[in-house]
Amino acid sequence: MTATASLKRTFVVALAGNPNSGKTTIFNALTGLRQKVANYPGVTVEKKTGKTRLNDGTMVDLIDLPGTYSLISRSPDESIAMQVLRGLLPDTPAPDAVICVVDASNLQRNLYLVSQLMELGRPLVIALNMVDIARRRGLHLSSERLSRALGVPVVPIVGYKHQGIDQLKQALLQAKIPPLPAFPLPEPMTRAIHELAEVLKEPNAHALAERLLTHDDAPDLKPYFQDRSIRHRVESIQNRLVEQKIDPIQADIEAHYRWIEQVSAQAVEPACETLEAIDNRPQSPAGPSNVQPVQVGFAPRISLTDRLDKVLLHKVWGMLVFSTVMAGLFIAIFILADPLMGATEEAIANLGSLLTDRLPDGPVKDLWTDGIVAGVGGVMVFVPQIAMLFLFLAILEDSGYLARAAFLMDRVLGRVGLNGKSFIPLLSSFACAIPGIMATRTIENRKDRLATIFIAPFMSCSARLPVYGLLIGTFFAAYSPWVRGGIMFACYGLGVLAAVVTALVFHKTFMKTVPSSFVLELPSYKIPQIGQIVRVMATSTWAFIRRAGTIIFCLSVILWAMAYYPRLSPEQQEAITKQVAAELPPSIQQEAIDQETESRLAAAQLEQSISGRIGHFIEPVIRPLGYDWKMGVGLIASFAAREVFVSQMGIIYAAGDTEEDVASLEQAMLVDRYPDGSPVWTAPVAISLLVWFVLAMQCISTTAIVRRETGSWSWAIGQILYMNALAYVVALLVYQITSHLMR
Amino acid sequence: MNSKSFERSDHARSGDKADGSGYGPLSCLDVGRCAYVVSIEPHADRDLKRRLLEMGFCNGASVECIRRAPLGDPIEFKLRGYNLSLRSDQARYVKVTAIR
């Protein structure tokens, strides 16, 4: 490796390891703040890279791979890890060396990945993490012994204390390609591998033959399967093995584990007395290794995790704690984030007004205040809530509780064809579907993940809340708060119902053939590390601002322009001004007249703008649902963000769009009449609109995220078509039925 | 072999029976009991088989059934010093022999 160092200026080192092995902590400890987060092309897997300097001054590019149990990939995450390690990704250099993080308290399963990495033919260093936890559980591991057994440098590390990081860097300088382990394969399997290796005639033919026989579907093996003679040979050998009652996959993995059992037995420190006995004894030729080491096992002491799980996964207490945690999370997002959201909005408005006051009246000023500042405000107002959501998600995940939540909820969600890991993304979607959809990345089963993404926007997000509030407050004001609360609850319930039905349809129809699997590790509980959590929160929130924010912002500006142009002509303006002056009694103050004139002008302007014209244009389509052109304008505007509906109604009804004006908006809506004298806004209209807002997909930024996370437009567009068609049909039925009943 | 370690109620559902032979599906192991893994059923889906083996359900590995989720499914197991959960639909592909 040192030879290569002089040739190349930077090394590329890949950091691999099982999920929950503490890999991220070690990555952070190695790189500090010199990190970059990007995406692998075409997939949503995050590519985390960082730089670190070795003790001899060599710069190292460190790639933090997604956690993986094996080099045979099932999820996109695992596929990326495998492809980077095998050097198959075009834009990522093949690593010069690999660090594998091994959780000492879960040695055997972690060594499985190591056993595969040893066949990779790349210099390897083991970072033995959580030795302290293993010791507390009664497992005394010796890194020297493990190193000897593996033939690979092993560095003990306590990640969160930054212990052993320097030694790890030192070991990297001496890393060598490890010897191929002698896995105790059954005799026919060994013969089969030899046989195939001879056909292949390549330097690493044995490892290659093993992979071909065990159905490895990595892309670098494609050419071999395309070669007909090799493919036939592989198949005939596989068939012969099956005839001999040997399943190549099972034989291979069991051989790996048998080797792992030997290695882990050798890695355990002998008990103290034995150690003394070894030291005092004259050296036998075989050395200490012929002393029977104590069996790899665990002291009977019950670990803290086991004790916690007795309560947290208990039939009664566990569900109680779970409900409390989830309700607390939910309430916190809405209540704690609320003042922050208000403050953010105000701060942006204040910042905007700094420039507004210096701009001359005209389109530029209007673009600034109503387009740009409003657009930025529209994005930023969600940031406190979303940041908080990401913070809670990070805490849940880092502490180990996320897996427990999935364990507790799996049965319920399994009934509708989802799995336990869908719960948190769906819960998050009640705040905003975007972080919810981003959180589905933890679902490794593709079918379950797609179904979860597809139904997430049915959860009533916080942007719908102002719309619900306006409609319920206006049309059901006469009813008791209980009834109004009940209607609000029904809106949330309708969304959940639609989600359940959709998931079931998914499950029973075209997703039926895909087997769902749910193999979930329940890691030990950990106290979350603040630094790491804040980091995760910051990167996720920034991703939201970058991806959703830009769309919300651009759309706000476009919608502003659509509502702004074409302008009223001076003659039209004059006519309106005169009309107002004529209508109002002369006794009224000039100030009030000016205010009324301004509102009327705004309303007239909106009606003749592009938005207003589109509203008129689509009126025949939305008429059966009970909506007029004004609501059409509101619906179009709500494609930027649903709560914009409220402010658009404010402008149309010339009520202004501030919070205090909502009361006057409610008044204006109630007295609005069609030319034939019938009221525009009736209870059936309000119910129909509520149904529309519950079910319709109107959020362009969510669509963009769906496109990104699923990797295809067809899912995103299919979702829009499905949800909007459903919303249209249900709103139509609800309007027609209720208006007949109330006639 | 103590065939009482397996719940009788699950017998009808699973292909294997915990009869005198002492073998049975992992999904039928009682909470608090330990067993040795014999093999993964050959007819299991290839990906599931591989995943179960990779997670350590190999011949001879000892498994303890820790608990069932409040609604009966999934089931938490301890093997090789760590905990993981499987749905009983998956656990039934693991053939085990009860040990105590």
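Quick notes on the rules
Residues numbered from 1 in each chain as written. Chains lettered and ligands numbered in written order. Predicted model: local features only at pLDDT ≥ 70, side-chain atom pairs only at ≥ 80, totals over all residues. Contact = placed C-beta atoms within 7 Å. Helix = DSSP H or I, 4+ residues; strand = E, 2+ residues; numbered from the N terminus. Nonpolar A, V, L, I, M, F, W, Y, C, P; charged D, E, K, R; others polar. Pairing = 2+ DSSP bridges. pLDDT = per-residue confidence, 0-100. Domains from an automatic or database assignment. Buried ≥ 20, exposed ≤ 12 C-beta atoms within 10 Å, placed from the backbone. Arc of directions from axis to C-beta. Expected span 1.5 Å × (residues − 1). Bend = angle between axes of the 7 residues up to and from the residue.

Regarding the interface of chain B and chain A
Then comes step 1: On the side of chain A, 33 residues touch chain B, which itself brings 32 residues to the contact.
Then comes step 2: The dominant element in the side of chain B that touches chain A, judged by the number of residues it contributes, is helix α1 (residues 46-54) of chain B, at eight residues.
Then comes step 3: Here the side of chain B that touches chain A is built from residues that sort into 13 nonpolar, seven polar and twelve charged.
Then comes step 4: The pairing of strand β8 (residues 520-521) of chain A with strand β5 (residues 82-86) of chain B spans two bridges and is antiparallel. In the strand pairing of β5(B), Glu521(A) is matched with Leu84(B).

Things to note about the confidence of the model for chain A
Residue and element names in this part refer to chain A.
Then comes step 1: The predicted model of chain A averages 85 in pLDDT, with 92% of residues at 70 or higher.
Then comes step 2: Every residue in residues 1-7 is under pLDDT 50, and counting partners more than four places away or in other chains gives nine contacts.
Then comes step 3: Below pLDDT 50 for its whole length, residues 281-300 participates in 22 contacts with residues either more than four positions away or in separate chains.

So, the domain arrangement of chain A
All names here are of chain A.
Then comes step 1: Here chain A is described as being made up of domain 1 (2-173), domain 2 (187-290) and domain 3 (317-530).
Then comes step 2: Contact with domain 1, which involves 19 residues of that partner, is made by 17 residues of domain 2.
Then comes step 3: Looking at the side of domain 1 that touches domain 2, the elements that each hand over two or more residues are α4 (107-117) and α6 (143-150).
Then comes step 4: By residue number, the principal contributor to the side of domain 1 that touches domain 2 is α4, which donates five residues.
Then comes step 5: Residues that form the side of domain 1 that touches domain 2 fall into these classes: eleven nonpolar, five polar and three charged.

Observations regarding the pairing of strand β1 (residues 10-17) of chain A
Residue and element names in this part refer to chain A.
Then comes step 1: The element β1 is largely enclosed, with a buried count of six among its eight residues.
Then comes step 2: Where β1 and strand β4 (residues 59-64) come together, six bridges link them in parallel fashion. By the bridge assignment for β4, Thr10 is matched with Met59.
Then comes step 3: Judged from the five bridges that link them, β1 and strand β5 (residues 97-103) form a sheet pairing that is parallel. Bridge pairing in β5 links Val13 to Ala97.

Here's the deal with the pairing of strand β2 (residues 34-40) of chain B
Then comes step 1: Bridge count between β2(B) and strand β3 (residues 62-68) of chain B: three bridges; the pairing is antiparallel. Residue pairing across strands places Tyr36(B) opposite Ser62(B), the latter belonging to β3(B).

Section: helix α14 (residues 304-312) of chain A
Residues and elements named next belong to chain A.
Then comes step 1: When α14 is considered as a whole, its buried residues turn out to be Thr305, Asp309 and Leu312. Projected down its long axis, α14 carries its buried residues within an arc of 70°, all on one side. Opposite the packed face of α14, turned more than 90 degrees from it, sit the exposed residues Arg307 and Val311.
Then comes step 2: In this structure, the buried side of α14 is in contact with α15 (317-335) and α19 (401-415).

A word on helix α17 (residues 363-380) of chain A
Count 3.6 residues to each turn of an α-helix, and residues three or four apart come out pointing the same way.
Residues and elements named next belong to chain A.
Then comes step 1: The end-to-end C-alpha distance of α17 is 24 Å, a good match for the 26 Å that 18 residues give at a rise of 1.5 Å each.
Then comes step 2: In α17, a bend of some 30° at Ala374 exceeds every other bend along the element.
Then comes step 3: Elements in contact with the buried residues of α17: α16 (337-356) and α25 (530-564).

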